[in-house]
Every structure is written in structure tokens, then in C-alpha cells.
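# What the coordinates show
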Amino acid sequence: MKIIDSISRMSVLIKILKKEGKSIGFVPTMGYLHEGHLSLVRTAKKHTDVVAMSIFVNPIQFDRREDLEKYPRDFKHDEGLARDAGVDIIFYPSVKDMYPDGYSTYVNVEGLTDYLCGSSRPGHFKGVTTVVAKLFGIVKPDIAYFGQKDAQQAIVIKRMATDLNMDIEIKILPIIREKDGLAMSSRNINLSEPERKDAAVLFQALKKAEALVKEGERDAKKIIRQMEAMIKGKETAKIDYISIVDTKDLKPMSTVLSEALVALAVFFGKTRLIDNIIVKA
Ligand code: PAF
């Protein structure tokens, strides 16, 4: 496994791989790897000749300074897991290399970013799409892999790739969960013991929404109210949002018709977790 810590060296390596006719699978991450990331790598290995993973905690996608500072980092831990999963290249650039003095270009997907995390974390998606566009420009992947846990991010990145004719296939893979249903996330490590216990309620609330829809409930407000009651029952939880939205344009739905994305963001102490489920009426 190669570890490349500069854009210029990465570009040289990618040029060589392209000349050799190798297809490139790409898994962008902010590190502190878990099974969710590794499942993306394993799938990428089945589809492409070379799997590249970026590890870069992107400062411009954090809306709270404290969140950026507390974001877990452990390169040695990541290196071991990436090697075992079969990553061929880790791209590990510095902030200075990615955003040198004078940096002034940003990518912004409109509309889709007005809802959910887009409205509660101003500027977040502009930071995400900017860094992903830059990473795509450097790594030049054939296929890029993202997790469904960040459902809005996945939809926004697909839109960007289409709108900017990036000629990269975007694959979205299922959420990987802990035994109690908590979606795997690098942020879970920041939860205290009581917060970690309480956080299991997120999946329970999403499953409740799914069950209500199955039983015939179509009123989004009523479904959200029941989810709220469950989450508010946990001492360490503070709801940021619970929304039921269209799976394509992410617009809030008042009535659940055919398919809907039930998405939520909840703080447990200072740690903000997101999760979602797709329900079918
Ligand atoms: O999902 C993430 O870890 C990040 O948002 C991403 C896509 C690596 C961009 O920084």
C-alpha cells in the first residue's frame, strides 16, 4: 500500500496508472475508519483495478470550530485498517496543500442543499462538494463510493457529478450498523457511555417510522411526533431535526406517498449524529 501525502506526487502516480489502463475506485474519507468505510473499500476492490482512499479532515465543511477540533484522528489506526482491507493507495494531503494561500474557488449545489443538514449546518455542503470536486480532479476515479448514512451528501454529490459532467460513477452503499442498530460513524467515539446507550434510540425511532408507514400511517407530522417522543425520552438527546422528505429532490413531504426518506440529526451531549431510513408506502 502506497501512502502519498502530496497532490503533486498523487498526480504523477495517477498519470502512470491511467497510462497502464488501470481503472480506479475511490473512497473519500475523513479518517478514523470503521466498518462502514471498509465495506466501501471491499466493494471497490470487486469493481476496479486499484483502490485509492483519501484521508483528509476537510476544515471548510465544519460549521462549528469545536466539531473540527474534536473530530477524531488516528493515522496509524487508519493505515492498519486500510492495508488489511486491501486499499492500494492512501492519499493523505495537508490542509496547506489542498487550500494554499489565495485559494478562492468553491462548488455549490443549489436547491438540494436547502433542506436537512443543509439548513442546520450553513456552508457544510459547499465545503463537501468543493473538497470532493478537488479530490475527484486529483484522483480521477472511474467509480467513487459513498455511504447511505450521509444520504443528503450522496444525493448532492451525484447531482454535482452529473451537472459538472465529471464522468465518474457514484455508488452509494448501505449503512453499516452496530449490534444495537447505531449507524457506524467516526463521531461515535466521542460519545460518553450514557450518550452511547441513548444513541441506540435513533435506529429504534427510524424503525418505528417504518412500522407506522407499513401499518398505513401517511401523515408525516404524526410519524415525526412519535419519533420525537421516543428520542426526547432519552436524557442526553437533543433533536436538531427530524424530517420526512422526497428521496429525489429532498423536499419535505406532508403525506408519505410511495417512497420517502426519513432523516434525522440529534445531539448526544456535544456529538451530533445523523441517520436515515427509506420507507415505502
Ligand atoms: O463523508 C465524509 O467523510 C466527508 O464528507 C467526505 C465525503 C470525505 C468529504 O470530506
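## Quick word on the overall build of the protein
For the protein, the count of helices and strands is 11 helices and nine strands. Seen through its C-alpha atoms, the protein measures out along the principal axes to roughly 55 × 40 × 40 Å. Within the protein, buried positions represent 53% of all 281 residues. Sequence-distant contacts, at least 24 apart, represent 72% of the contacts inside the protein between residues at least 6 apart. For the protein, the exposed area adds up to about 13,400 Å²; of that, 50% sits on carbon and sulfur atoms. Seen as two clouds, the 44 positive and the 38 negative side-chain charges of the protein have centres 1 Å apart.

## A word on the site of the ligand
The full set of residues close to the ligand is P28, T29, M30, N58, Q61, V131, V132, F146 and Q153. Within the side chain of Q61, one N or O atom sits 2.6 Å away from an oxygen atom of the ligand. Between an oxygen atom of the ligand and a side-chain N or O atom of Q153, the distance comes to 2.7 Å. Across the complex, the protein chains shield 88% of the 280 Å² of accessible surface that the ligand would expose by itself. Of all the elements in the fold, those that place two or more residues in the shell around the ligand are strand 2 (24-29) and helix 7 (124-139). Here the shell around the ligand is built from residues that sort into five nonpolar, four polar and no charged.

## As for the pattern of salt bridges
Under the counting rule described, the total for this entry stands at 20 salt bridges. E169 is the partner of K171 in a salt bridge, and the nearest nitrogen-oxygen pair spans 2.7 Å. Taking the relative accessible area as the measure of exposure, K171 reaches 24% and is therefore partly exposed. With a closest N to O distance of 2.8 Å, D240 and R272 form a salt bridge. One end of the pair, D240, is in strand 7 (residues 237-245); the other, R272, is in strand 9 (residues 271-280), and 32 residues separate them in sequence. Through salt bridges with shared partners, one network takes in D63, D67, R121 and R187.

## Observations concerning the nonpolar core
Considering soluble globular proteins, one finds that nonpolar side chains tend to be buried as a cluster. Counting residues in each nonpolar core, the largest one holds 47 residues, and the members touching the most others are M10 and F136. Among the elements that take part in this core, helix 7 stands out by supplying nine residues, more than any other. Excluding residues within four positions of it along the chain, F136 makes contact with F26, P141, A144, F146, I157, M160, M166, I168 and I170. Judged by nonpolar contacts, the second largest core, of 28 residues, contains A199, A205, A237 and I242.

## Some remarks on the packing of aromatic side chains
Evaluated as defined, the whole model comprises seven aromatic pairs. Consider the rings of F26 and F136, whose centres lie 6.3 Å apart with planes at 70°: the pair is edge-to-face. Pair noted here: F26 is in strand 2 and F136 is in helix 7, with a separation of 110 residues, a long-range link. Owing to a relative accessible area of 0%, F26 belongs among the buried residues under this scheme. The exposure class of F136 is buried, given its relative accessible area of 3%. For the pair F75 and Y92, a centre-to-centre distance of 4.0 Å together with 25° between the ring planes defines the contact as stacked.

## With respect to helix 2 (residues 35-47)
Residues lying three or four places apart along an α-helix face the same way, a consequence of the helix completing one turn every 3.6 residues. For helix 2, with 13 residues, the first-to-last C-alpha span of 19 Å sits near the 18 Å given by 1.5 Å per residue. Of all the residues in helix 2, the buried ones are G36, H37, L38, S39, L40, V41, T43 and A44. Against strand 2, strand 3 (50-55), helix 4 (75-85), strand 5 (143-147) and strand 6 (169-173) lie the buried residues of helix 2.

## With respect to the environment of F75
Here F75 lies in helix 4. For the pair F75 and Y92, spaced 17 residues apart in sequence, the C-alpha separation works out to 9.2 Å. Excluding residues that lie within four positions of it along the chain, F75 makes contacts with I3, I55, I90 and Y92.

## Points about the sheet that holds strand 5
Where strands meet in a sheet, backbone hydrogen bonds hold them as pairs that are either parallel or antiparallel. Taken in spatial order, the six strands of this open sheet run 1-4-3-2-5-6, and their pairing is parallel. Looking at which strands have only one partner, the edges of the open sheet turn out to be strand 1 (2-4) and strand 6. Recorded for the sheet is a direction-independent mean angle of 25° between the axes of neighbouring strands. Inspection of the sheet shows strand 3 paired to strand 4 (residues 89-91) by three bridges, in the parallel sense. In the sheet register, S54 faces strand 4, and the bridge partner there is F91. Taken strand by strand, helix 1 (residues 7-19) contacts strand 1, strand 2, strand 3 and strand 4, and its axis lies near 145° from that of strand 4.

Rules used in this analysis
- Residues numbered from 1 in each chain as written.
- Predicted model: local features only at pLDDT ≥ 70, side-chain atom pairs only at ≥ 80, totals over all residues.
- Heavy atoms only, no water.
- Helix = DSSP H or I, 4+ residues; strand = E, 2+ residues; numbered from the N terminus.
- Buried < 20%, exposed > 50% of the residue type's maximum accessible area, 1.4 Å probe, protein only.
- Contact = heavy atoms within 4.5 Å.
- Areas by Shrake-Rupley, 256 points an atom, 1.4 Å probe, with all protein chains shown as cover.
- Lys, Arg positive; Asp, Glu negative; His and termini not counted.
- Charge placed at Lys NZ, Arg CZ, Asp CG, Glu CD.
- Near = heavy atom within 4 Å.
- Polar contact = N/O pair within 3.5 Å; in protein donor to acceptor, adjacent residues only side chain to side chain.
- Nonpolar A, V, L, I, M, F, W, Y, C, P; charged D, E, K, R; others polar.
- Salt bridge = Lys/Arg side-chain N within 4 Å of Asp/Glu carboxyl O.
- Core = buried A, V, L, I, M, F, W, Y, C linked by side-chain atoms within 4.5 Å.
- Phe/Tyr/Trp six-rings, centres within 6.5 Å; stacked < 30°, edge-to-face > 60°.
- Expected span 1.5 Å × (residues − 1).
- Pairing = 2+ DSSP bridges.
- Axes fitted to C-alpha atoms, helices over the stretch in contact; angles between N-to-C directions.

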